[in-house]
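So the chains spell out like this:
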Amino acid sequence: MTAPQRLADGKEIPLGFGVAMGNVEGARPGLVWNGGNRQGATGVLYVHPAQRYAVVVLTNLEEIGSVVLGAARDVTE
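Residues numbered from 1 in each chain as written. Predicted model: local features only at pLDDT ≥ 70, side-chain atom pairs only at ≥ 80, totals over all residues. Heavy atoms only, no water.

## Some words on the pattern of salt bridges
Two side chains with opposite charge may pair up if their charged atoms get near one another.
Inference 1: Across all of its chains, the model carries one salt bridge by this definition.
Inference 2: Here R6 ties to E12 by a salt bridge, and the two come within 3.4 Å at their closest N and O atoms.
Inference 3: Owing to a relative accessible area of 57%, R6 belongs among the exposed residues under this scheme. (Salt bridge = Lys/Arg side-chain N within 4 Å of Asp/Glu carboxyl O. Buried < 20%, exposed > 50% of the residue type's maximum accessible area, 1.4 Å probe, protein only.)

## Re the pairing of strand 6 (residues 53-59)
Inference 1: As paired elements, strand 5 (residues 41-48) and strand 6 share seven bridges and run antiparallel to each other. When the sheet's bridge partners are listed, G43 is paired in strand 6 with L58.
Inference 2: Joining the antiparallel neighbours strand 5 and strand 6 is a turn of four residues, in which R52 adopts a positive phi near 60°. (Pairing = 2+ DSSP bridges. Helix = DSSP H or I, 4+ residues; strand = E, 2+ residues; numbered from the N terminus.)

## Some details on the side chain of T42
Inference 1: Its location among the elements puts T42 in strand 5.
Inference 2: Among the polar contacts made by the side chain of T42, one reaches the main-chain carbonyl oxygen of L61 at a distance of 2.7 Å. (Polar contact = N/O pair within 3.5 Å; in protein donor to acceptor, adjacent residues only side chain to side chain.)

## Some points on the sheet that holds strand 3 (residues 20-21)
Inference 1: The strand order across the open sheet built from four strands is 3-4-5-6, with neighbouring strands paired in antiparallel fashion. Looking at which strands have only one partner, the edges of the open sheet turn out to be strand 3 and strand 6.

Structural measurements only, silent on function.
Structural data, given as structure tokens:
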């Protein structure tokens, strides 16, 4: 689930099955994450497998994805 995937042309991308890996600005290397928003809610899951911890931020607000991503990143630091 957390292994980078390869496209048909052989190019490796930082996406697993349902998670992204390490492409959040300012986050530590090895980050596995997923986040998003729907009507009335925004949430993000950050997992650092090597460091054996996870952070989850859930809100009942929508359209604040970057704020929630930043808050989760700050908590992990």
